[in-house]
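# Observations on the model geometry
The lines below spell out each chain.
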Amino acid sequence: MDKNNLKDHKQIGQELELFFTDEIAPGAPFWLPKGMVIFKELEKYIRQLTEKAGYLETSTPIMVKSEIFKESGHWEKFGEHNMYNLELSDEADDSKSISYTLKPMNCPESTIIYRFRPRSYRELPLRLSEIGRLHRREKSGEVNGLLRVRQLTMDDAHIYATEDQIFDEVSKILDMMIMFYKSFGFEYEFRLATRPETRAGSDENWDKAELALEKVLKEKGIKAGDKKGDGAFYGPKIDVHIKDSQERDWQLATVQLDFHQPEAFKLEYVDEKGSKRRPVMIHRAIFGSFERFIAILTEHFQGAFPTWLAPLQVQIIPIADRHQKYAQIVLEQLKNSKLRVEIDNRQETMQAKIRDAQTQKIPYMIIVGDREEKENKIAVRTRSSRDLGAMPIEEFLEKIKLEVEHKRNTE
Ligand SMILES: [Zn+2]
């Protein structure tokens, strides 16, 4: 990577036609078709991980009555100025109005799903995930491309568990985070964030929660950094920080232990003996937000996404018009293997087409001419100008399919 020629995600997003922002919706991105490929691949990946780990996917309303955030304590903590609130007149009584909020987080509404019916200890741990669309009223001076947005999509989950289950659940979440960040080649580090000055809940619960997280880190042999006083207002958390290719530090994943909201929302389950008990709530996010994570990935890879994420994975370049038919046959074969592939049909020289595919950071170029057609092969090049030579299509398919499956990069 050329360190002197680094671009930010906004510039790369424009050049590769991934996303952009427009004055008409400050702080909220417009996703272009190629950007959506990346978004959807990440969504697919996180769904695979959570389904395998026993999570159940849910979805909760974006616009809810503000009272839920008063009940949860978010209103007091974030203040109404950090949320989008609407006063709407009460249809039953014109003289009254009802206050609604565009949800800035999913947690309070997740508790409503929990409370939907009585819960038994047999259902715990109950792992409810939600890819939720959130709105936060960031100041216009702080809004920055995809890094700081007013509308974001969170890969959220809330786990309702007994106190005995905390260790296993947090431990599994940390394993999922490690696996996830390793697959992008990020260096990562855990940090324990403890009670902040303004907080909800009793000191006794804070002691219990902090000890529980410390125990998980200790028994897993994880050396965690310290973020004293930086916990959520309802509980301590373990944050994951990563280092990108430019040595910058980003906080992404988080797992938070919460005794407060189960109390605020009077959550219960019936234990083995038939008595009512209070579950604990574990909040966790792996990306943080899709928007911010994609911004970081875009800058980390400088647009040269790993093959599994690349909007277009293969560009077929016929040397002359007479090779169109063979190019079409190659295209069909690659498409049958579910690869994202196109033929460059423009009236340009082969060199110009190769250059453009490289500028677009397409992982592979397949060049087809007389020789390739006659030998029933393809000539393969990578975006970093590596010439892999001529090979049968099957050989290339095997290589690229493995690369996609293991989320490896071309280089
Ligand atoms: Zn939450």
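This one's a predicted model, so the numbers in the text were calculated from it and none came from an experiment.

What counts and how
- Residues numbered from 1 in each chain as written.
- Predicted model: local features only at pLDDT ≥ 70, side-chain atom pairs only at ≥ 80, totals over all residues.
- Heavy atoms only, no water.
- Donors = N, O, S within 2.8 Å, 3.2 Å for Na, K, Ca; no water.
- Helix = DSSP H or I, 4+ residues; strand = E, 2+ residues; numbered from the N terminus.
- Buried < 20%, exposed > 50% of the residue type's maximum accessible area, 1.4 Å probe, protein only.
- 1 Å grid on protein atoms, 1.4 Å probe; cavity = no way out; pocket = protein on both sides within 12 Å on 5 of 7 lines; lining within 4 Å.
- Points joined across faces, edges and corners; volume = space filled by probe spheres on them.
- Nonpolar A, V, L, I, M, F, W, Y, C, P; charged D, E, K, R; others polar.
- Phe/Tyr/Trp six-rings, centres within 6.5 Å; stacked < 30°, edge-to-face > 60°.
- Lys NZ or Arg CZ within 6 Å of the ring centre and 35° of its normal.
- Domains from an automatic or database assignment.
- Contact = heavy atoms within 4.5 Å.
- Buried area = accessible area lost by both parts, 1.4 Å probe.
- Salt bridge = Lys/Arg side-chain N within 4 Å of Asp/Glu carboxyl O.
- Axes fitted to C-alpha atoms, helices over the stretch in contact; angles between N-to-C directions.
- Parallel < 35°, antiparallel > 145°, perpendicular 65-115°, else oblique.
- Left-handed = near helix turned anticlockwise from the far one by under 90°.
- Pairing = 2+ DSSP bridges.
- Expected span 1.5 Å × (residues − 1).
- Core = buried A, V, L, I, M, F, W, Y, C linked by side-chain atoms within 4.5 Å.

### A word on the coordination of the zinc ion
- For the zinc ion, the full set of protein donor atoms is Cys-107 (SG), His-158 (NE2) and His-283 (ND1), at a range of 2.0 to 2.3 Å.
- On the primary sequence, the residues serving as donors to the zinc ion are separated as C-x50-H-x124-H. Of this pair, Cys-107 sits in helix H5 (residues 107–114) while His-283 is found in strand S15 (residues 280–289), placing the two residues 176 residues apart along the sequence. Taken as a pair, Cys-107 and His-283 share a single burial class, namely buried.

### Overview of the layout of surface pockets
- Of the pockets and cavities examined, the largest pocket occupies roughly 1,200 Å³.
- Considering the residues around the largest pocket, the lining is formed by 38 residues, among which Phe-78, Met-105, Arg-136, Glu-138 and Met-154 are closest to the centre.
- Looking at side-chain class alone, the lining of the largest pocket contains 15 nonpolar, 10 polar and 13 charged residues.

### Digging into the packing of aromatic side chains
- Within this structure, the stated rule accounts for 23 aromatic pairs.
- With centroids separated by 5.1 Å and ring planes inclined at 5°, the aromatic side chains of Phe-20 and Phe-30 adopt a geometry described as stacked. Of the two residues, Phe-20 is situated in strand S1 (residues 19–20) and Phe-30 in strand S2 (residues 30–31); the sequence distance between them amounts to 10 residues.
- Residue classification places Phe-20 among the partly exposed residues on the basis of a relative accessible area of 28%.
- Three or more aromatic residues link up through ring pairs in this structure, and these residues are Phe-19, Trp-31, Phe-39, Tyr-45, Phe-180, Tyr-181, Phe-184, Phe-186, Phe-287, Phe-290, Phe-293 and Trp-308.
- When the ring centre of Tyr-114 is taken as reference, the NZ or CZ atom of Arg-119 above it lies at 5.4 Å.
- A cation over an aromatic ring shows up here: Lys-407 above the ring of Tyr-45, its NZ or CZ 4.1 Å from the ring centre.

### Notes on the domain arrangement of the protein
- When cut into domains, the protein gives domain 1 (3–301) and domain 2 (314–405).
- Each of domain 1 and domain 2 has a C-alpha centre, and the two are 41 Å apart.
- Facing the 5 residues of domain 1 at the interface are 4 residues of domain 2.
- Between domain 1 and domain 2, the buried area comes to about 320 Å², and carbon and sulfur atoms account for 46% of it.
- Interface area lost by domain 1 to domain 2 is led by Leu-16, Val-37 and Glu-41, which between them contribute 77%.
- Between domain 1 and domain 2 we count 1 salt bridge in total.
- At 3 residues, helix H2 (residues 33–52) tops the list of elements feeding residues into the side of domain 1 that touches domain 2.
- Here the side of domain 1 that touches domain 2 is composed, by residue class, of 2 nonpolar, no polar and 3 charged.

### Overview of the environment of Gln-11
- Note on placement: Gln-11 falls in helix H1 (residues 9–15).
- The class of Gln-11 is partly exposed, set by a relative accessible area of 38%.
- On a C-alpha basis, the gap between Gln-11 and Gly-145 in space is 9.7 Å, while along the polypeptide they are 134 residues apart.

### Quick look at the packing of H2 against helix H6 (residues 166–182)
- Taken N-terminus to C-terminus, the directions of H2 and H6 make an angle of 150°; their axes are 12 Å apart at the nearest point. Between H2 and H6, the angle falls in the class roughly antiparallel. Of the two possible hands of crossing, H2 and H6 adopt the one that is right-handed. From H2, Tyr-45, Leu-49 and Thr-50 reach across to H6, where they touch Met-176, Met-179 and Phe-180.
- Residues of the contact of H2 with H6, tallied by class, amount to 5 nonpolar, 1 polar and no charged.

### Topic: unusual backbone geometry
- Cis geometry marks the peptide bond from Leu-124 to Pro-125; its omega dihedral reads -5°.
- With respect to the element layout, Pro-125 can be found in the loop between H5 and strand S7 (126–135).
- Unlike most non-glycine residues, Glu-17 shows phi in positive territory, near 55°.
- Within the element layout of this structure, Glu-17 appears in the loop between H1 and S1.

### A look at the sheet that holds strand S18 (residues 364–368)
- The sheet built from 5 strands is open, its strands ordered S17-S16-S18-S19-S20 with mixed pairing. Two strands lie at the open edges of the sheet, namely strand S17 (341–343) and strand S20 (387–391), each paired on one side alone. Averaged over all neighbouring strand pairs, the angle between strand axes comes to 20°, with direction disregarded.
- Bridging between strand S16 (residues 314–318) and S18 involves 5 bridges; their strand directions are parallel. Each residue of the ladder has a partner; that of Ile-316, found in S18, is Ile-366.
- Most of the contacts of helix H10 (residues 324–336) go to S17, to which it runs at about 170°, and overall it touches S16, S17, S18 and strand S19 (378–382).

### Focus: helix H9 (residues 290–301)
- The terminal C-alpha atoms of H9, which comprises 12 residues, lie 16 Å apart, in line with the 16 Å expected from a rise of 1.5 Å per residue.
- Here H9 lies mainly inside the structure; 11 of its 12 residues are buried.
- One or two positions beyond H9, positive phi appears at Gln-302, with a value near 50°.

### Description of the nonpolar core
- Of all hydrophobic cores here, the largest spans 59 residues; its most connected members are Leu-42, Leu-174, Met-177, Tyr-181, Phe-184 and Phe-293.
- In terms of residue count, H6 provides more of this core than any other element does, 9 residues in total.
- If we ignore the near neighbours within four places in the chain, the residues touching Phe-293 are Leu-42, Phe-180, Tyr-181, Phe-184, Phe-186, Leu-252 and Phe-287.
- Counting 20 residues, the second-largest nonpolar core is a separate cluster that includes Leu-339, Val-341, Ile-343 and Val-380.

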